[in-house]
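# Descriptive analysis of the structure
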Amino acid sequence: MKKSNFLLIFIAIIAVGLTLVTNSCDKEKERVTTTIALDKTETGPHDIGETVTATVTIVAEDVASLVYYKVVDQVKSDPVDVTSGLTQSGTTYTYDFSYELKLGDDLGTLGFEFEVTDDLDVMKFAAILVTTNLSVQGMFVKFDWKITEEEWLGESVLASHDAAKIFRFSDDGTYEVDLSPEYAAYAHHFCYWVYKETPDNGDTLAELRMIRRLLSGETGLDENYDFRITSANESEMTMYWDLAFWGLLDIKRTFKSQAKGAFQPYGTQAYADSVALLTVLDCSNIDDGLLEW
């Protein structure tokens, strides 16, 4: 009798154990595999100022984090954590991504990489490629520029010192000029450039203002030169130097692009160092009103 009871108890224990193992296996089978997908893998071409959108869909038991990276020419930015922006429905999570394109985004290969990490530290990735149209403003930044023609009243007035200049514009709103060793000088500190679109201004596509500081005795003065851009492409721009306050006709200038290469601000390092030491020429002295043109 005792043997029979022991056998029944033993069978019961085995049955319970098998049930626990079976339930455990079932739970493991029921766990969803973590995945991440985008509603598009490529978008564009877009203009600067437009907004890129995409929907990120994640399937996971639980999401520990969702971050994305801006990738420019295969170089990743610091991660942007958007976990708090997730919307959950069961084991499905969605995130609505949006990004407004700004100056500089049209200068290289642009993309965004999304990285999800689940509760077991499993990581999955998805990416979107964004194609852009190079803006006129971006053209200034992508290339160096030289004055190749200057006309006034139908006559060429391009001076040799202007023809020697190389202009370099940066996407942070600053610019520099290589005056060449022959015409090197330190009387000016080249500071800022301001660009604005003018789509409703006749044949003027945009306007450009270049702002600099002029050494005058022991002090410095603000100077600005305004141009109306009437045609522009990646190789050449035509613009008119605004001389209306002289009561004269505008000067027509033609700028041509060249690949960025050797460049020495002010013409020589010695002159560049001299400008840096003249506090009265420091660009922080520029009247902010000139930048709000």
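Residues numbered from 1 in each chain as written. Predicted model: local features only at pLDDT ≥ 70, side-chain atom pairs only at ≥ 80, totals over all residues. Heavy atoms only, no water.

### Considering the overall build of the chain
Let me state the cut-off plainly: Segments assigned H or I by DSSP are reported as helices when at least four residues long, segments assigned E as strands when at least two residues long, and all are numbered from the N terminus. The rule is simple: take the accessible area with a 1.4 Å probe, protein chains only, and divide by the maximum for that residue type; under 20% is buried, over 50% is exposed, in between is partly exposed. Throughout, the Shrake-Rupley method with a 1.4 Å probe supplies accessible areas, and for residues the shown protein chains are the sole cover considered.
Of regular secondary structure, the chain possesses five helices and 19 strands. By residue count, 36% of the 293 residues in the chain fall in the buried class. A total of about 16,500 Å² of accessible surface is found on the chain, and carbon and sulfur atoms cover 53% of it.

### Regarding unusual backbone geometry
Here the amide bond leading from Gly44 into Pro45 is cis, since omega sits at 5°, within 30 degrees of zero. By secondary structure assignment, the location of Pro45 is in strand E2 (residues 42–46). Of note, the phi angle at Gln74 is positive, near 70°, even though the residue is not glycine. Take Gln74: it is sitting in the loop between strand E4 (63–72) and strand E5 (75–76). At Asp121, a position not held by glycine, the phi torsion is positive, near 65°.

### Quick look at the sheet that holds strand E1 (residues 35–38)
Where we set the bar: Strand pairing follows a simple DSSP-based rule, namely that at least 2 bridges must link the two strands. Lines fitted to C-alpha atoms define the axes, with helix axes restricted to the stretch in contact, and inter-axis angles between N-to-C directions lie between 0 and 180 degrees.
Strands sit in the order E1-E3-E8-E7 across an open sheet of four strands; the sheet is antiparallel. Strand pairing shows two members of the sheet lacking a second neighbour, E1 and strand E7 (87–89), which therefore form its edges. Pairwise comparison of adjacent strand axes, ignoring direction, gives a mean angle of 20° for this sheet. Strand direction decides the pairing type here: E7 and strand E8 (residues 92–100), joined by three bridges, are antiparallel. Bridging from a neighbouring strand, Gln88 pairs with Tyr93 of E8.

### Observations concerning the packing of aromatic side chains
Filter applied, for reference: Pairing of aromatic rings covers Phe, Tyr and Trp, the last counted by its six-membered ring, and requires centre-to-centre distances within 6.5 Å; plane angles under 30 degrees mean stacked, over 60 mean edge-to-face, and any other angle means tilted. Any Lys NZ or Arg CZ found within 6 Å of a ring centre and within 35 degrees of that ring's normal is scored as a charge over the ring.
Applying the stated criterion across every chain, the model contains 20 aromatic pairs. Seen from their ring centres, Phe167 and Phe169 are 6.4 Å apart, and the 10° between their planes marks the pair as stacked. Assessed through its relative accessible area of 2%, Phe169 is described here as buried. One aromatic cluster is present, built from ring pairs that chain together Phe140, Phe143, Trp145, Phe167, Phe169, Tyr175, Phe190, Trp193, Tyr195, Phe255 and Tyr266. In this structure, Lys76 packs its charged tip against the face of Tyr69, placed 4.1 Å from the ring centre. Cation over ring: Arg253 sits above Trp241, and NZ or CZ is 4.9 Å from the ring centre.

### A closer look at the side chain of Arg168
Inclusion rule: Whenever a nitrogen or oxygen atom comes within 3.5 Å of another N or O atom, the pair is scored as a polar contact, on the condition that within protein one atom can donate a hydrogen and the other can accept it, and that pairs from neighbouring residues in sequence are kept only if both atoms are in side chains. Only heavy atoms matter for contacts: two residues are in contact if any of them lie within 4.5 Å across the pair.
Inspection of the secondary structure assignment puts Arg168 in strand E13 (residues 166–169). A distance of 3.1 Å separates a polar side-chain atom of Arg168 from the backbone oxygen of Gly261. Beyond its immediate chain neighbours, meaning those up to four positions away, Arg168 contacts Asp144, Thr174, Tyr175, Glu176, Lys260, Gly261 and Phe263.

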